[in-house]
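Residues per chain are reported as follows:
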Amino acid sequence: MTPSLNAAQREAVRHDCGPLLVLAGAGSGKTRVITAKIAHLVERGVAPERIVAITFTNKAAREMRERAQDLLRRHDAADAASAVRLSTFHSLGLSIVRAEHRALGLRSSFSILDPGDLESIVGELAASADRGRTRAIQWKISQWKNALVSPEEALSAASDDAARIAARAYLGYAEALRAYQAVDFDDLIGLPVTLLDNDGAARERWQARCAHVLVDEYQDTNPAQYRLFRYLVGAATPFTAVGDDDQAIYGWRGATLDNLAALPRDYPQLRVIKLEQNYRSTVRILRCANALIGNNPKLFDKRLWTELSHGDPLRVTPAADDEAEAEMVVHRLLAHRFEHRSRFSDYAILYRGNHQARVFETALRAQSIPYEISGGTSLFERTEIKDIVAYLRLIANDDDDPAFLRAIAVPKRGVGQATLRQLGEIATARKVSLFAAVFEPEAAGTLGARTKSALAEFCALINGLRHRAGHEPAGRLLDDMMRGIGYADWLTSTLDRKDAITRTQSVDDFIGWLSRKGEADGRSLLELTQMIALITMLEGRESGEGDGPDAVCLSTLHAAKGLEFPHVFLVGLEEGILPHREAVEAGNVDEERRLMYVGLTRAQRSLQLSYCRSRKRAGGKVDCAPSRFIAELAQDDLRHSGEPLSADEATRAKNSGNARLAALKALVAR
DNA sequence: TAGAGATTAGTTTTT
DNA sequence: CTAATCTCTA
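A. Just the overall build of chain A, in detail. Scanning chain A for helices and strands turns up 31 helices and 19 strands. Here chain A, with 670 residues, has 53% of them falling under the buried criterion. With the model as given, the accessible surface of chain A reaches about 30,700 Å², and the carbon-plus-sulfur share is 51%.

What follows is the structure in C-alpha cells.
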C-alpha cells in the first residue's frame, strides 16, 4: 500500500488491533508512520470519524491531515481524511466541553480566557503589584491543574505561607472563572477529565466515538492529558502512541515521562516497536547526538543509525561575545550559501531563549538577509486584535467581565475608571456580571446622564449583534460590528498615520480571515470566537502553495522540535544558557541535554556549534564557560575552530562534569 | 493623551 | 548598563 516503509515502520502501521507504543527516534519517519497508519485504518474499513489522532500543535495537526489526504487520494478516499478526527489535545478538549457544557455547569457561550486576562485576575486576587510573584502564582495554578489537583486539595496540602497564598488565589480564580462563564487553556483538558471521572454515560459515549486513537509526541503528555487519553481508549480500544523519551522537553509544563513508563504497566498487552533508522542526518551528526544522549538515564534503549554518508565534522567555534557570535554565524552562513548555492531557507539558527534572537536579527538585517522567527509574537497577541476579540467574546458571553473591561475601554466612549468602579460594586453586591450591572436599578440612580447613555449605547450594540449572531452569516455580522464600534476611525484619529495604517491593516486581515473561516467551515460567530483562543500561531496564513519566502529560520530549540534543516547553527552553547542556570540548580540537566539533542538532530547535512567567551549582563561583561554538552559529543567528529580550550576552561568543563555526576547520584539516592 | 524623563528590573522554554 | 515600563507634566 504505502511506498517504501521499512520493516519496523510497516509493522507499526499494520499492528492495528491492540495497544501499541512506537518509540520513534529523531528523523525516523514518525509522521510517515502516523499518516500511513491513518490511511491503513481507513482502508481496513474503520469509519474515518472514529479515528482520533491527537497532536500538540495546530501545525502538526495540519501537516498530518495534508499528508494523510495525499496518501488516501491514491485510493480515491481523500475525503475520508477530512472526516478523521485530527486535532490537538486542546481542541479535542474544546469539542468535549462544548458538547457537554451542560453537565459541566457552563452555558454554551462560555469564553476562553487568554493568558493576559488570567494574569490580571490572579494579580488582583494575590493583591500584589509584583509581576514576578503574580506569574509565579499563575504558573503554580497551571501546574496544579495539569496534575489534576483541585483548589481545595491544594489548600489542604499547602504547608507554607507561599503555598497557602497561591492555593487561596487558585480558589478565588476558580470562582472567578465560573462567574465569568469562562475556562482557561488547562481547563480544556481538566474539565473533560472531571466529566469523564463522574459520568459513566458520557464515558461510554466518548469511547464509542473512538475506534482507534493515535497520539503524537506522547512523551510530552502531562497527567491530565494521560487521564483523558485513557478515558478515550477505555479498556479495549486499540491505540498508537508515538513518542521519543529522548525528546521530552516539556517537563516544565507538567509533562512527565511517567506516562511513558506507565504504558507497559497499564496495558500489559502493549506492543513496543522502535524506529531506529534515521533518514535525516549524516553519520557524524548522529554519532554526536547518540554520544550526548548516552549520558542520560534510559527509559528504553535505543540507538539511531543511518545509511546516509559520513558528512563533515561538526564545527565548534568560540566567539568573543554574543555580537561577535552573531556576526560570525551570519558570515559563515553567507559564505556557505555562496559555496553550496543553497537557499536561505536551508539554514536555521537555533538558541535556548527567545531573547537570544535579537542579536541575530540585527546581524541578519545588517546583511539584508531575509529571516523568519518562529514563535515570535503572534497575530493574536497584538493589542488591536485582542481588542476586537474582546468584543467577540462579549457578544458571545456577556458574563465575560475581562472582555467587558477591555471592550468598553476602546474606543474611548466616556466610561472611565470611576464608572467602572461603581459598576464593579453593583456587580459584586448583586452577584451579576458587569454587563448585567448596567441594567440594575442602582446604576440608574448613581450614574450621570452622559455616562448612562454611553453605557446604554454600548450595551445596545452588543445585544443587537448577539441577537443576530445565531442566524446571520459571520461575515456580514463582523462587518457590521466593525462599523458599529468605529474601531478603524478611532485608530486613525488617535494614532499617527503609519501606526494607524499598520493596525488597520492587521485588523482588516484578521476580520477577512475570520469571515473566510466562518464561510468555509460554516461556523457561527460563537464557534469562531472560541476557536480563536486556540489558535496561537499565525501559521494559518493561506499564502498560496509556494513553500514560503526564502528565509533563514530563527527559532528556539523548543519551537524547532519536529522541524529539519539542511544546515543548522546551534548558538549560545554556554554553561548557564544551555544547560540553563535554573535548570542546573533544579537538577534538571537531563531535560537540558534532551534539548541539546533535539537541536543536534534537526540538522541534515551540516551543523555548526558556537559559544561566547563572555556575554554582557547587568552592564558589565561576564565570563562564560562552554557548555558541558560540547565535551559530551563524539570528539572525533568535531573540529574546533579558533583557540583550543585553555587549561583553565578544561578544568572547569571537567569539574562541571563531576558536578553532574554528583547530582545524578543524589537524584538516584532520592 | 502623548511624550519625555525617571525608575527599576534583568534569571527559559508554551498549548 | 541597558532597555522597557511607568509616571508625571504639558
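B. How the structure looks around the pattern of salt bridges. The final tally for this structure, using the stated rule, is 37 salt bridges. Across the pair D184 and K145 runs a salt bridge, and its minimum N-O distance is 2.8 Å. Taken together, the positions of D184 in the loop between strand 5 (182-183) and helix 10 (187-198) and K145 in helix 7 (residues 131-146) put the pair 39 residues apart, joining distant regions of the chain. With its nearest N and O atoms 3.3 Å apart, the salt bridge here joins E217 to K561. Pair noted here: E217 is in the loop between strand 6 (212-215) and helix 12 (223-233) and K561 is in the loop between helix 27 (557-560) and strand 15 (565-570), with a separation of 344 residues, a long-range link. We classify E217 as buried; its relative accessible area is 14%. The exposure class of K561 is buried, given its relative accessible area of 13%. In the salt-bridge network here, residues are joined through shared partners; they are K30, D216, E217, D220 and K561.

C. A look at the nonpolar core. By size, the foremost hydrophobic cluster in this structure holds 47 residues, and its most contacted members are F404, F458, M481 and F510. Ranked by residues supplied to this core, first place goes to helix 17 (residues 383-396) with eight residues. The residues touching M481, leaving out its near neighbours within four places in the chain, are I388, Y391, L392, I395 and L465. Ranked by size, the runner-up nonpolar core spans 42 residues in total, among them V213, L228, F229 and A241.

D. Representation of the sheet that holds strand 13 (residues 371-373). The seven strands are arranged 13-14-12-15-16-11-19 in an open sheet whose pairing can be described as parallel. The open sheet has two edge strands, strand 13 and strand 19 (638-640), and neither has a second partner. Taking the axes of each pair of neighbouring strands and ignoring which way they run, one obtains an average angle of 20° across the sheet. Sheet topology places strand 11 (residues 314-319) next to strand 16 (residues 603-612); five bridges connect them, and they run parallel. Across the sheet, residue R315 finds its bridge partner in strand 16, namely Q608. Packing of helix 16 (residues 357-366) onto the sheet brings it into contact with strand 12 (347-351), strand 13 and strand 14 (552-556), and relative to strand 13 it is tilted by some 160°.

E. How the structure looks around the state of the cysteines. Going through the model one piece at a time under the given rule, you end up with zero disulfides. C210 provides the cysteine sulfur closest to C17, a residue in no disulfide bond, and the two sulfurs are 17 Å apart. Judged by relative accessible area, which is 65%, C17 ranks as exposed.

F. Here's a closer look at the pairing of strand 2 (residues 51-55). Summarising burial for strand 2: five of the five residues are buried, a large majority. Going residue by residue along strand 2, you find I51, A53 and T55 tucked away on one face and V52 and I54 tucked away on the opposite face as well. In this sheet, strand 6 lies alongside strand 2 in parallel orientation, the contact comprising four bridges. Directly across from A53, in strand 6, lies its bridge partner L214. Where strand 2 meets strand 3 (residues 85-88), four bridges bridge the pair, whose relative direction is parallel.

G. Summary view of helix 22 (residues 449-469). Under the 1.5 Å per step criterion, the end-to-end length of helix 22 is 30 Å for 21 residues, consistent within 8% with the ideal 30 Å. Taken together, the buried positions of helix 22 are occupied by T451, A454, L455, F458, C459, I462, L465 and A469. Taken end-on, helix 22 shows its buried residues confined to a sector of 125°, consistent with a single buried face. Within helix 22, the exposed residues directed more than 90 degrees away from the buried face are A449, R450, E457 and H467.

H. Region of interest: the sheet that holds strand 3. Here six strands make up an open sheet; going across it, the order is 3-2-6-7-1-8 and the pairing parallel. The sheet is open, and its two borders are formed by strand 3 and strand 8 (271-275), each paired with just one other strand. This sheet shows a mean twist of 15° between the axes of neighbouring strands, independent of strand direction. One ladder, built from three bridges, connects strand 6 with strand 7 (residues 239-243); its direction is parallel. Bridging across to strand 7, V213 finds its partner in F239. The strands touched by helix 1 (residues 7-14) within the sheet are strand 1 (19-24) and strand 8, with strand 8 carrying the most contacts at an inclination of about 145°. Across the sheet, helix 3 (residues 58-73) touches strand 2 and strand 3, and the angle it forms with strand 3 is around 160°.

I. The packing of helix 10 against helix 12, seen in detail. Contact geometry for helix 10 and helix 12: axes closest at 9 Å, N-to-C directions at 45°. With respect to each other, helix 10 and helix 12 are oriented oblique. Seen from above, helix 10 lies across helix 12 with left-handed handedness. Contacts from I189, P192, V193, L196 and D197 of helix 10 reach helix 12 at A224, Q225, R227, L228 and Y231. Among the residues making up the contact of helix 10 with helix 12, the classes are represented as seven nonpolar, one polar and two charged.

J. Broad picture of the packing of aromatic side chains. A complete count under the given rule lists 13 aromatic pairs for this structure. Aromatic pair Y218 and F229: ring centres 6.2 Å apart, planes at 65°, arrangement edge-to-face. A residue pair is termed long-range when its members are at least 10 positions apart, and Y218 in the loop between strand 6 and helix 12 and F229 in helix 12 qualify at eleven residues. Accessibility expressed as a relative area gives 1% for Y218, which makes it buried. F229 gets classed as buried once you look at its relative accessible area, which sits at 1%. Counting every residue linked through ring pairs, the aromatic cluster contains Y218, Y226, F229, F239 and Y267. Across the ring face of F435, the terminal group of R466 is positioned such that the distance to the ring centre comes to 5.6 Å.

Basis of the calculations
- Note on numbering: residues in each chain are counted from 1, in written sequence order.
- The lettering of chains begins at A and the numbering of ligands begins at 1, in the order of writing.
- Owing to the predicted nature of the model, reporting of local features is limited to residues with pLDDT of at least 70; listing and counting of side-chain atom pairs is limited to 80 or more, with chain, interface and lining totals taken over all residues.
- Side-chain calculation: all heavy atoms of the structure are included, whereas hydrogens and water are not.
- Per the convention used, a helix needs a DSSP run of H or I reaching at least four residues, while a strand needs a run of E reaching at least two, with both numbered from the N terminus.
- Partly exposed residues are those whose accessible area sits between 20% and 50% of the maximum for their type, while under 20% is buried and over 50% is exposed, using a 1.4 Å probe and protein chains only.
- Note that accessible areas follow from Shrake-Rupley with a 1.4 Å probe, and for residues the cover is restricted to the protein chains shown.
- A pairing counts as a salt bridge when a side-chain nitrogen of Lys or Arg comes within 4 Å of a carboxyl oxygen of Asp or Glu.
- Nine residue types can take part in a nonpolar core, namely buried Ala, Val, Leu, Ile, Met, Phe, Trp, Tyr and Cys, and a core is a set of them joined through side-chain atoms within 4.5 Å.
- Only heavy atoms matter for contacts: two residues are in contact if any of them lie within 4.5 Å across the pair.
- When DSSP finds two or more bridges between two strands, those strands count as paired.
- An axis is simply a line fitted to the C-alpha atoms; with a helix, the fit covers only the stretch in contact. Between two such axes, the angle follows the N-to-C directions and lies from 0 to 180 degrees.
- Any two cysteine sulfur atoms lying within 2.5 Å of each other are counted as a disulfide.
- An expected span of 1.5 Å times one less than the residue number is assigned to each helix.
- To obtain the arc, one takes the directions from the helix axis to the C-beta atoms.
- With respect to orientation, any angle under 35 degrees is reported as roughly parallel, any angle over 145 as roughly antiparallel, any angle of 65 to 115 as roughly perpendicular, and every other angle as oblique.
- In this scheme the crossing of two helices becomes right-handed for a clockwise turn of the near helix relative to the far one and left-handed for an anticlockwise turn of less than a right angle.
- Any residue that is not Ala, Val, Leu, Ile, Met, Phe, Trp, Tyr, Cys, Pro, Asp, Glu, Lys or Arg is counted as polar, Gly included; the first ten are nonpolar and the last four charged.
- Here a Phe, Tyr or Trp ring, Trp counted by its six-membered ring, pairs with any other such ring whose centre lies within 6.5 Å, and the pair is stacked when the planes are under 30 degrees apart, edge-to-face when over 60, and tilted otherwise.
- The rule is short: NZ of Lys or CZ of Arg within 6 Å of the ring centre and within 35 degrees of the ring normal puts a charge over the ring.

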